[in-house]
Every structure is written in structure tokens, then in C-alpha cells.
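Residues per chain are reported as follows:
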Amino acid sequence: MPLYRPSDQLVVRKLSLCENGPFNFIAGARVAPIDTIGETKVFEPATRSLLCKVPCSGLKDIDLAVSSAKEGFLIWSQFSNTERGRLLTAVSNKIRYHLEDIARLEVKNNGKPIWEARLDIESCADAFEYFGGIIMALTGQHIPLHNDSFALVCREPLGVIAGIGAWNFPMQTATWKAAPALACGNTMVYKPSQLTPLTAVVLAELICDVGIPHGVFNVIQGAATTGSLLCEHPQVAKLSFTGSLPTGTKVMTSAATNIKKVTLELGGKSPLIIFQDTNMKNAIKATLMGNFLSQGEVCSNGTRVFVHKNIASEFLDKLVRATKKLRIGNPMDETTTVGATISKEHAERVLDYISGAKEEGAVVEYGGERVILPPPFDQGYYLSPCILSNCRDDMLVVREEVFGAVLSFLTFSSEDEVICRANDSPFGLAGAVFTNDLQQAFRVVRRLEAGTLWINTYNIYPPTLPFGGYKQSGLGRENGTAVLEYYTQLKTI
Ligand code: NAD
């Protein structure tokens, strides 16, 4: 094995914080694909102007990326936890240094408001810092046996991880996979969503620039076919997927063919339960955040809002008034609270759910329409946040994940009733309870079937906390110390 010295490859490159290719990143450099299977046009959601055209990678490119990751693994897995931790902390510092530029690129590609993008990128820096720190404390076990013998239990990396991400938190999704996977000594080939290909490549550049060996983090671009080819690659040890339930099902099926390990972070239809003694101002603020953050394009959003019947009409009235104050506009504008929907197709899908809900008897209390902004934003898809009342649990909009700013307002009479209705979903990603009764709060969250539950707050997920779903919302956990289990395997000696 060659002696590895970080100084051999340290390049302080000018980050390509723009929409220029090439967009694959293999063995320490941006490279054009050699085996393209089509191309995706990437639009800036704010204006719907063409940002770039990204070629989709075929099998030969995937082979190159996986080989690069295998070579990187030979070196990286031999580093001590301390060495890896130090380098991950350096990545965190780099992300913080470039935070504003990366956040602006994320907005350009995703359409979310700039202040949200800043928080996303800050959380990427937090994740590298956290995993850089905790990995230094990862140890095995020494187990005494009979007489003088003993056993050792070592925690070892898995090998090459295939990461596949969604478009709603592009760099954060890449980071939530890369930071813990790399900390444990694995290497990665990451495929971002075809809609948001840009910031994963920036992350790859930053990872390389601190002296992490070439090949440890690679990026390939493409859509469904590229994703499925990556999942099928025999040299990949594990699939770590974030996306929808239908695609997650395909990824898990693919993993089964050669028993790859798999982590799935899928969709949700989370309940937000508001009892009558709650602090209404706080509950309304959290309901807005838990529904309209990132144009509602958030997996953990609490889109089934259950309000106790005794406060329902006052709550609805105040909620509508607060929603009307949200500012729909240019995502780069500091005062914007609702940015642009990711794509025309997605906006139409969201609007279809709203028309379907109306046909089933729901009443639009506010929003749910396309808002045309002055040029150059007139081609962007801006939707007014939608509040639907008169909803029933059996409506499509109440059962399925819309993944847009559509809130279903439901009422309830008793604690048992609301718990039963909240749990009546194939999903189990998140949820929340709003009450001033501490005992009630803990009683209810204990009975709710979800991976993350909040009390009197919503959508808080620092990298220090495990995140993942019950039921069909996923398999495994990201973040917290829990994720280390999912990127390592035990060897008993
Ligand atoms: P998606 O399932 O359409 O795509 C996700 C990724 O999978 C993309 O990169 C896509 O190119 C790739 N892909 C598509 N077909 C594939 C295949 N056959 N094999 C392998 N890869 C394939 O999801 P999306 O529209 O990008 O994202 C929205 C979904 O993601 C929502 O359901 C949302 O709830 C979920 N999500 C979940 C979390 C979480 O942490 N639980 C976080 C963010 C988003």
C-alpha cells in the first residue's frame, strides 16, 4: 500500500461555486462522463431559466467511480479514527468559510429562501464537526472468557457506500450520509437528485481540499437509470437512500439481490396535535414552520394538523391570518418566507392534490394558487401556502404525502381518539404534540408511532439527534451516535 501523505495532493482550488461543469467528481477531480445515457436540463426555480445541462452517467462512469472509491477505501480505512476526525473537522471549517457562497448556489438550484439555505449549510458544517469529534471516541470491546482467554469485538467499516439523495435539502442530504460514513472509514459514491446536482460537487471539492485522499468521496450525476445502476453495482457494500417511498421500495428490492445493507429515509404524513390548553401563539408559529418551511417540500412536515374541537375555530382563524403574512417572493430576498417550487411538474402535482381535495369536499381557507411575480420571476412556480378545512381522514390529500405547502386541518375530541387517528397511516416519520400538560405531552408522544416526536416545537433536527422513520417512512437512522451502527459492522475475534 502506498504511503499516504496529505501534502501530496493538497490543492487549494478555487471552488466552482457556479453552474459550470463537469459535474461528476471522481478520484479527486471534476470529470466529464465517458458513457452518457441522456441529459437533464436543470432550471433555476426562481425564474425557470436554464441553469445547466447535466449529462447522466452510465455504467462505465459508475464503474470508474466505484473503482475510485475502492482504491480510496484501501487508504482511508487504514487511517486512525483521530486522523479521520481531524480531517472531517477541517471540512466543517471549510464549509463555514464558504457558507454564504454555497447557500446562494443552493438557492439558485433549489428555490428555497436564502435564510433557510444558510441554516442548511450551517447544519452541514455542524455534521462534519460532530462526526469528526465523536469518531475519535469510537472503540470496540474486550470480553473476558474462561481461564485467561478473551475476545475482542472490533467495529469495522463496510466499504463503498452508494448514497442517493432527494432535491429538497441537496447538500444537507449528501452531508448526512457522507459525514458519518466517512468518519467510520467507508468511502462513498454519491448521486444527487437530477434536479439539484450542484452542491454535492462543491462538497466533494471541499472534502478533497482538506487532504482527504482522492477517491474517498465521489459524485456521479444522473436520474433513475443511473441510480438503479449504482444500486446494482456488485462492489457497493451498502445503499443509503433518501427519497420517496416508491423509489425506496425499488432500492430495497435491488439491495436484496446481493444482500447489500440498506438505509432508507423516505416520506411522511406526520400528525401535529394541538390540545386545548396549549400556548396558541407558539402552536401557530410551529404549525407554519411545520407546514410551509421550504415551500412545504420537507419530509418531516406535520401536514395533518389535529386541533381540539373547543379551540378549532379560533385556531383556524389565527392560523389563516398568520399564513397571509408569509411573504412569497424572490428566494434571494432576505424578507422572503416562501420561495419557488422546485419545478413546474411538481407545482402541478401539488395543485392537483388541492383540486382533488376540493372535489372530495375540502374547503380552501387560504392559498393553493399559483402566484405570478413580476419579471424576471414570472416564469417561476410560486404557490401560496394552502390551508384546507372540512377535511376527513379518508381523503387522498390527508392520506398521501403531497410534499408541498398544503395543510389539512382536522379536529378531534379526545386524546385516545386523536392518537388512534394520528397512527392510522402507513408512514411514521415524525409528529408533535402541543400542550401545557407535561404528563399529557409525554403520555401522547410515547403512544405515537414515529421516529421523531417534538413537544411544543417542530422541525428541529441537529446532527446530534438520530433521525429516521417508523413503518414505511424508512429503515435505519441517520445522525446521532445511532448512525454509527449503520455504517459499521462488528468483527468478533
Ligand atoms: P425520488 O424518490 O423521486 O428520488 C430520489 C432519488 O432517487 C433521486 O436522486 C433520483 O434520481 C433517484 N432515483 C429515482 N429512481 C431510482 C431508482 N430506480 N433507483 C435508484 N435511484 C433512483 O424522490 P424526490 O422527489 O427526489 O424527493 C422527495 C421525496 O424524498 C419525498 O417523498 C420526501 O419525503 C423524501 N425525503 C425524505 C427524507 C428523510 O430524511 N426521510 C428527506 C428528504 C426527502
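Counting starts from 1 at the beginning of each chain's written sequence and moves along it residue by residue. In view of the model being predicted, local features appear only for residues whose pLDDT reaches at least 70, and side-chain atom pairs are presented and counted only at 80 or more, with totals across whole chains, interfaces and linings using the full set of residues. Side-chain numbers here rest on the full set of heavy atoms in the structure, without hydrogens or water.

### Some words on the overall build of the chain
No. 1: Check the secondary structure of the chain and you find 14 helices and 24 strands.
No. 2: Here the C-alpha radius of gyration of the chain, 23 Å, is about what a compact globule of 493 residues would show, namely 23 Å.
No. 3: Projected onto its principal axes, the C-alpha positions of the chain cover 70 × 65 × 40 Å.
No. 4: Here the chain holds 493 residues, and 58% of them are scored as buried.
No. 5: Long-range contacts, defined as pairs at least 24 residues apart, comprise 73% of the intrachain contacts of the chain with a sequence gap of at least 6.
No. 6: All accessible areas in this document rest on Shrake-Rupley with a 1.4 Å probe, and a residue is counted as covered only by the protein chains that are shown. About 19800 Å² of surface is accessible on the chain, with carbon and sulfur atoms providing 55% of the total. By definition, any uninterrupted DSSP run of H or I lasting at least four residues is a helix, any uninterrupted run of E lasting at least two residues is a strand, and each is numbered from the N terminus. Within these notes, the globule rule equals 2.2 Å times the number of residues to the 0.38 power, and the radius of gyration is based on C-alpha atoms. Partly exposed residues are those whose accessible area sits between 20% and 50% of the maximum for their type, while under 20% is buried and over 50% is exposed, using a 1.4 Å probe and protein chains only. Two residues form a contact once any of their heavy atoms are found within 4.5 Å.

### Side note on the sheet that holds strand β21 (residues 452–455)
No. 1: DSSP-based pairing: two strands are paired if at least 2 bridges between them are found. Taking strand neighbours across the sheet as the criterion, the seven strands line up as β14-β17-β18-β13-β12-β20-β21 in an open arrangement whose pairing is mixed. Because the sheet does not close on itself, it has two edges, and the strands there are β14 (363–366) and β21. Pairwise comparison of adjacent strand axes, ignoring direction, gives a mean angle of 25 degrees for this sheet.
No. 2: Pairing of β14 with strand β17 (residues 386–389) involves three bridges; the strand directions are antiparallel. Within the sheet, the bridge partner assigned to Val-364 lies in β17 and is Leu-388.
No. 3: Interaxial angle, 0 to 180 degrees, is taken between N-to-C directions of lines fitted to C-alpha atoms, where a helix line uses only the stretch in contact. Sheet strands in contact with helix α14 (residues 438–447) are β12 (271–274), β20 (430–434) and β21, and its direction is about 165 degrees off that of β21.

### Regarding the UniProt feature "active site" (unreviewed entry) in the chain
No. 1: Following the UniProt record, the feature "active site" (unreviewed entry) maps to Glu-265 here.
No. 2: Looking at the element boundaries, Glu-265 is found in strand β11 (residues 261–265).
No. 3: Discounting residues that sit within four places of it in the chain, Glu-265 has contacts with Phe-241, Thr-242, Gly-243, Phe-467, Gly-468, Gly-469, Ser-473, Gly-476, Arg-477 and Glu-478. UniProt positions are given in the numbering used here, feature names are shortened, and annotations may be inferred rather than shown by experiment.

### Focus: the pattern of salt bridges
No. 1: Salt bridges, as used here, are contacts in which a Lys or Arg side-chain nitrogen is within 4 Å of a carboxyl oxygen on Asp or Glu. Tallied over the full model, the rule gives 19 salt bridges.
No. 2: A salt bridge links Arg-30 to Glu-205; its shortest N-O distance comes to 2.9 Å. Placement of Arg-30 in strand β2 (residues 29–31) and of Glu-205 in helix α6 (residues 198–209) is noted, with a sequence separation of 175 residues between them. Of the two residues, Arg-30 and Glu-205, neither departs from the other in class, the shared state being buried.
No. 3: A salt bridge links Glu-485 to Arg-155; the nearest nitrogen and oxygen atoms lie 3.6 Å apart.

### Looking at the site of the ligand
No. 1: Being near a molecule or strand, for a residue, means having at least one of its heavy atoms within 4 Å of it. Close contacts around the ligand come from 29 residues, with Gly-165, Gln-194, Ser-244, Thr-247 and Glu-401 the closest.
No. 2: Between N or O atoms, a polar contact is any pair within 3.5 Å; within protein, one atom must be a potential hydrogen donor and the other a potential acceptor, and residues adjacent in sequence are included only when both atoms are from side chains. Take Gln-194: an N or O atom from its side chain is 2.7 Å from an oxygen atom of the ligand.
No. 3: Taken by itself the ligand offers 860 Å² of open surface, and the protein chains cover 88% of this.
No. 4: Among the secondary structure elements, those contributing two or more residues to the shell around the ligand are α7 (224–232), β10 (238–242) and α8 (245–257).
No. 5: If one sorts the elements of the shell around the ligand by residue count, α7 sits on top with four residues.
No. 6: By the convention adopted, Pro, Cys, Tyr, Trp, Phe, Met, Ile, Leu, Val and Ala count as nonpolar, Lys, Arg, Asp and Glu as charged, and the other residues, Gly among them, as polar. Here the shell around the ligand is built from residues that sort into 14 nonpolar, 11 polar and four charged.

### With respect to the side chain of Thr-196
No. 1: Within the secondary structure, Thr-196 sits in the loop between β8 (187–191) and α6.
No. 2: Contacts of Thr-196, omitting those with residues within four sequence positions, involve Asn-109, Asn-110, Ala-166, Trp-167, Pro-170 and Ile-342.

### Some points on the packing of helix α9 (residues 280–292) against helix α10 (residues 312–324)
No. 1: The N-to-C vectors of α9 and α10 enclose an angle of 55 degrees; their axes lie 10 Å apart at closest approach. Considering their axes alone, α9 and α10 lie oblique with respect to each other. The interaxial crossing formed by α9 with α10 has right-handed handedness. Along the contact surface, α9 presents Met-280, Ala-283, Ile-284, Thr-287, Leu-288 and Phe-292, while α10 presents Glu-314, Phe-315, Lys-318, Leu-319, Ala-322 and Thr-323. Throughout, the term roughly parallel applies to angles under 35 degrees, roughly antiparallel to angles over 145, roughly perpendicular to angles from 65 to 115, and oblique to all others. Note: crossing handedness is left-handed where the near helix turns anticlockwise from the far helix by less than a right angle, and right-handed where it turns clockwise.

### Considerations on the nonpolar core
No. 1: Buried residues of nine kinds, namely Ala, Val, Leu, Ile, Met, Phe, Trp, Tyr and Cys, make up a nonpolar core once their side-chain atoms join them within 4.5 Å. Core analysis: the largest hydrophobic core is formed by 57 residues, its most contacted members being Ile-95, Phe-128, Ile-212 and Phe-217.
No. 2: Contacts of Phe-128, omitting those with residues within four sequence positions, involve Leu-88, Thr-89, Val-91, Ser-92, Ile-95, Thr-175, Ala-178, Ala-179, Leu-203 and Ile-207.
No. 3: In this structure, Met-280, Leu-288, Leu-429 and Phe-434 belong to the second largest nonpolar core, which totals 35 residues.

### Observations regarding the UniProt feature "domain: Aldehyde dehydrogenase" (unreviewed entry) in the chain
No. 1: Here the UniProt-annotated "domain: Aldehyde dehydrogenase" (unreviewed entry) positions come out as residues 39–493.
No. 2: Along residues 39–493 the backbone is 40% helical and 22% strand, and the end-to-end C-alpha distance reaches 49 Å.

### Describing the pairing of β11
No. 1: Taking burial as the measure, the five residues of β11 include four buried ones, the bulk of the element.
No. 2: By the bridge criterion, five bridges tie β10 to β11 in an arrangement that is parallel. Opposite Ser-240, over in β11, you have Thr-263 as the bridge partner.
No. 3: Handedness is read with the strands pointing away from the viewer; a crossover is right-handed when the path from the first strand over the helix to the second is clockwise. Read from β10 through α8 to β11, the crossover connection turns out right-handed.

### What about the sheet that holds strand β6 (residues 150–157)?
No. 1: As summarised here, the arrangement of the three strands in space is β5-β6-β24, forming an open sheet in which the pairing is antiparallel. Each of the sheet's edge strands pairs with one partner strand only, and the pair in question is β5 (141–144) and β24 (488–492). Between one strand and the next, the sheet's axes are offset by a mean angle of 20 degrees, whatever the strand orientation.
No. 2: In terms of strand pairing, β6 meets β24 through five bridges, oriented antiparallel. Opposite Val-153, over in β24, you have Thr-492 as the bridge partner.

### Notes on the packing of aromatic side chains
No. 1: A pair of aromatic rings is counted whenever rings of Phe, Tyr or Trp (Trp by its six-membered ring) have centres within 6.5 Å, and the orientation is called stacked for planes under 30 degrees apart, edge-to-face for over 60 and tilted otherwise. Within this structure, the stated rule accounts for 11 aromatic pairs.
No. 2: With a centroid separation of 5.1 Å and an interplanar angle of 50 degrees, the aromatic rings of Trp-76 and Phe-79 are classed as tilted. Comparing Trp-76 with Phe-79, the two get one shared label, buried.
No. 3: Taken together, a centroid distance of 5.3 Å and an interplanar angle of 75 degrees make the contact between Trp-167 and Phe-403 edge-to-face. Of this pair, Trp-167 sits in the loop between β7 (160–164) and α5 (170–183) while Phe-403 sits in the loop between α12 (396–399) and β18 (406–412); the two residues are 236 residues apart in sequence, bridging distant segments of the chain.
No. 4: Among the residues examined, Phe-403 registers a relative accessible area of 15% and is labelled buried.
No. 5: Each member of the aromatic cluster is reached from another via a ring pair, and the members are Trp-176, Trp-454, Tyr-458, Tyr-461 and Phe-467.
No. 6: Positioned above the aromatic ring of Trp-76, the side-chain terminus of Arg-84 is 5.9 Å from the ring centre.
No. 7: Its end group placed over the ring of Phe-169, Lys-112 keeps NZ or CZ at 3.8 Å from the ring centre. Any Lys NZ or Arg CZ that is within 6 Å of a ring centre and within 35 degrees of that ring's normal is treated as a charge sitting over the ring.

### Some thoughts on helix α2 (residues 81–97)
No. 1: Helices are assigned an expected span. That span is 1.5 Å times one less than the residue count. Compared with the 24 Å implied by 1.5 Å per residue over 17 residues, the 24 Å span of α2 between its first and last C-alpha is a close match.
No. 2: Buried-residue contacts for α2 involve α1 (59–76), α3 (99–110), α4 (114–134), α5 and α6.

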